[in-house]
Amino acid sequence: MTSPTLSFSELALAPSLTQAVAEMGYETMTPIQAQAIPVVLTGQDVMGAAQTGTGKTAAFSLPLLQRLMRHENSSASPARHPVRALVLLPTRELADQVAQQIAQYAKHTKLRSTVVFGGMDMKPQTAELKKGVEVLVATPGRLLDHIEAKNAVLHQVEYVVLDEADRMLDIGFLPDLQRILSYLPKERTTLLFSATFSPEIKRLASSYLQNPVTIEVARANATASTVEQRFYAAHDDDKRRTICHVLQERGIRQAFIFSNSKLGCARLSRALERDGYRAAALHGDKSQDERLKALEAFKQGEVDLLVCTDVAARGLDIKDVPAVFNYDVPFNAEDYVHRIGRTGRAGASGLAVTLVAPSDSRLVADIEKLIKTRITVETLAMPSARARQRSDAGESPRSERPSGHQEARNGASHFASSRPVRGARPVRAAPADPFFDRPYEASASEAPPTWESKPAPGSTLRQIKAKRKVPALFKPAGSVYNAAPVAGRGLFARCLRGRARQLVNLALVKISHRDF
C-alpha cells in the first residue's frame with residue numbers, strides 16, 4: 001500500500017478540486033483520508049472504518065470526483081450527464097449534509113450533483129434528475145420511488161458509496177438495498193465507510209464487494225480520545241434535573257440530548273423550555289421542513305439544546321458542540337459510539353454524559369464490552385429541590401433549625417414557638433355567637449305544629465286531598481239500582497253484568513251466521 005500522504009497538495013487532484021479544497025481550509029489530511037484516498041484513486045473496493053468526525057466524507061468524495069473528471073462536459077443535454085456515482089445514506093439529514101459537501105468540492109467543475117430524500121415533494125427532485133446529474137446522493141426509500149417512476153436511470157453507475165454502512169446493511173435497510181443494487185451494473189466500484197463494523201456486518205458486506213481493501217485507522221468501535229465520558233446514576237424522575245445541574249456546573253451553552261423514543265424526545269424538549277432553555281426536538285415524526293429548520297437553528301446558535309433521537313446520531317457535522325447527553329442509554333451499543341461522536345470533532349475536546357437508570361445495567365455492560373473500556377457509574381451529588389428553594393428564598397437549611405421534637409426536649413413550649421412547625425395544620429377556634437349558645441325556649445303564643453293538631457269535623461288535612469265527585473252514568477233518580485238495599489247492591493250488579501254478557505254473546509252468534 002502507498003505510504004500515507006499528509007498534505008492535500010501532494011495528491012494528484014485536478015486543479016479545480018485542489019482550489020475548492022484550499023478554499024475550504026483543508027491542508028492536512030486525517031488518517032482515514034491519508035489511507036483511503038490513494039486506494040480509491042486506483043479504483044479498488046474499500047471497506048473503511050474510522051471514528052466519527054475524522055473526515056470520512058472527504059475520504060470518498062474527493063477521489064470519486066477526481067475519477068469522474070474524465071466525464072466532465074459543458075453540454076446542456078441530459079443524456080450527456082447520466083448518473084455515474086451513487087451515494088446512499090441512512091438518514092435525510094446526513095444525505096443533505098453530504099450533498100452540500102460534495103457540491104462545495106465540485107463547485108469549480110462542470111460535474112452536477114443533487115440529493116433526493118423523503119419527506120419532501122418529489123416534483124423539484126424530479127426536475128433536477130431530468131436535467132441530468134453525475135453524482136446522486138439519496139436515501140434508499142426515496143430513490144426507489146424515483147426508480148419506479150422512471151425518473152432515475154442507474155445502468156451507467158460506476159461508483160457506489162454506502163456511508164454509515166452498518167446501518168445501511170441493517171435488517172431494516174437490507175431489502176431496499178438489495179433492490180437498488182439489482183438495478184446497477186455488476187462492474188462497479190463499491191466503497192463502504194462507517195464508524196463501526198461488527199463481524200456480522202463484515203460478512204454481510206463481503207457479498208457486495210470484490211476483493212476489498214480494509215482500512216482501519218483506529219481500533220474497531222473505538223471512541224475519540226478527546227471526549228471525556230461520564231456515567232451518572234439517576235432515576236428517571238431525576239434525569240432532567242441532573243442535566244440542568246451539569247449544564248450549570250460546567251457552564252455548557254450548547255449540547256445534544258439523545259432520547260430513545262420520539263414521545264420522550266418531545267416531552268423532554270417541552271420540559272426544558274419550561275425550565276428556561278432554548279430547546280428544539282428532532283425526531284422521525286417531525287416533517288422534513290421542521291427537522292431542517294431545527295438543525296439550522298442549532299447550527300446558527302438560536303437553539304441551545306437539541307433533543308433528538310438516533311436520527312441525528314450519525315454523521316451530522318456540527319462544529320464546536322461542547323457536550324452530548326444520553327438521557328437514555330441506547331439500546332444498541334454501537335449507537336453510543338455514534339452519539340458521542342457529535343462532540344469532540346476534528347481534534348476538539350468534548351464531554352459525553354450518560355444517565356444510567358437502575359434497569360440499564362445490561363445496556364451499560366454491552367457498551368463496556370464494545371468499547372473495551374471499564375465504565376464506572378458515578379453518583380452525582382446535587383442539592384435537593386427543597387434545599388434549593390430555601391436557598392433561593394434566603395431560608396436556613398433544615399439541619400440548622402431545631403425540629404419540634406428538639407424544642408420539646410429542650411423544654412420549649414410548642415405554642416410559644418415563634419415559627420410554626422412545617423407541615424402542621426393551624427387549629428382555628430370556632431366563632432362565638434350568643435344566639436346559638438342559648439338553649440331553646442318555647443314561646444307561649446306559638447301555635448302547635450300541624451302534625452300535632454287534630455282536624456275539625458268534616459275537614460281534611462292540607463296534605464290529604466278530598467275525593468273528587470264524578471257523576472255516574474245510567475244512574476237516574478229512583479232507579480231500581482238506587483232503591484236496592486246497600487247489602488244487595490253487589491249481587492244485583494253481578495247479575496246485570498252476567499245478563500249483559502249473555503246478550504252480547506247472542507248478538508255475536510247471529511252476526512256470524514249472517515251472510516255478507
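That block above? That's the structure.
Caption draft 1: The pairing of strand 3 (residues 113-116), seen in detail. Sheet topology places strand 3 next to strand 4 (residues 135-138); four bridges connect them, and they run parallel. When the bridges of strand 4 are listed, Thr114 appears paired with Leu136. Note that the unit made of strand 3, helix 5 (residues 122-131) and strand 4 has a crossover that is right-handed.

Caption draft 2: Region of interest: the pattern of salt bridges. Scanning all chains against the criterion turns up 20 salt bridges. Residues Asp145 and Arg142 are paired through a salt bridge, measuring 3.6 Å at the closest nitrogen-oxygen approach. In this pair, Asp145 and Arg142 are both assigned in helix 6 (residues 140-148), three residues apart and thus about one turn of the helix distant. By relative accessible area, which is 10% here, Arg142 ends up buried. The salt bridge involving Asp238 is made with Arg241; its shortest N-O contact spans 3.5 Å. Classification of Arg241 as partly exposed rests on a relative accessible area of 28%. Put simply, Glu228, Arg230, Arg250 and Glu378 are held in one network by salt bridges that share partners.

Caption draft 3: Just the nonpolar core, in detail. In terms of nonpolar packing, the biggest core is built from 44 residues, with Leu64, Leu65, Val87, Val98, Val135 and Val137 touching the most fellow members. Here this core takes seven residues from helix 3 (residues 56-68), the largest share from any one element. Beyond its immediate chain neighbours, meaning those up to four positions away, Val135 contacts Leu64, Leu65, Leu68, Ala85, Ile102, Arg112, Ser113 and Thr114. One finds Leu86, Ala152, Val157 and Ile180 within the second-largest nonpolar core, a separate group that totals 28 residues.

Caption draft 4: Region of interest: the packing of helix 6 against helix 8 (residues 174-182). Between helix 6 and helix 8, whose axes approach to 10 Å, the crossing angle comes to 40 degrees. Viewed along their axes, helix 6 and helix 8 adopt a mutual orientation that is oblique. The two elements helix 6 and helix 8 meet at a crossing, and its hand is left-handed. Between helix 6 and helix 8, the residues in contact are Pro140, Leu143, Leu144 and Glu148 and Asp176, Arg179 and Ile180, respectively. Its residues assigned to classes, the contact of helix 6 with helix 8 comprises four nonpolar, no polar and three charged.

Conventions used here
- Residues numbered from 1 in each chain as written.
- Predicted model: local features only at pLDDT ≥ 70, side-chain atom pairs only at ≥ 80, totals over all residues.
- Heavy atoms only, no water.
- Pairing = 2+ DSSP bridges.
- Helix = DSSP H or I, 4+ residues; strand = E, 2+ residues; numbered from the N terminus.
- Right-handed = clockwise from strand over helix to strand, strands pointing away.
- Salt bridge = Lys/Arg side-chain N within 4 Å of Asp/Glu carboxyl O.
- Buried < 20%, exposed > 50% of the residue type's maximum accessible area, 1.4 Å probe, protein only.
- Core = buried A, V, L, I, M, F, W, Y, C linked by side-chain atoms within 4.5 Å.
- Contact = heavy atoms within 4.5 Å.
- Axes fitted to C-alpha atoms, helices over the stretch in contact; angles between N-to-C directions.
- Parallel < 35°, antiparallel > 145°, perpendicular 65-115°, else oblique.
- Left-handed = near helix turned anticlockwise from the far one by under 90°.
- Nonpolar A, V, L, I, M, F, W, Y, C, P; charged D, E, K, R; others polar.

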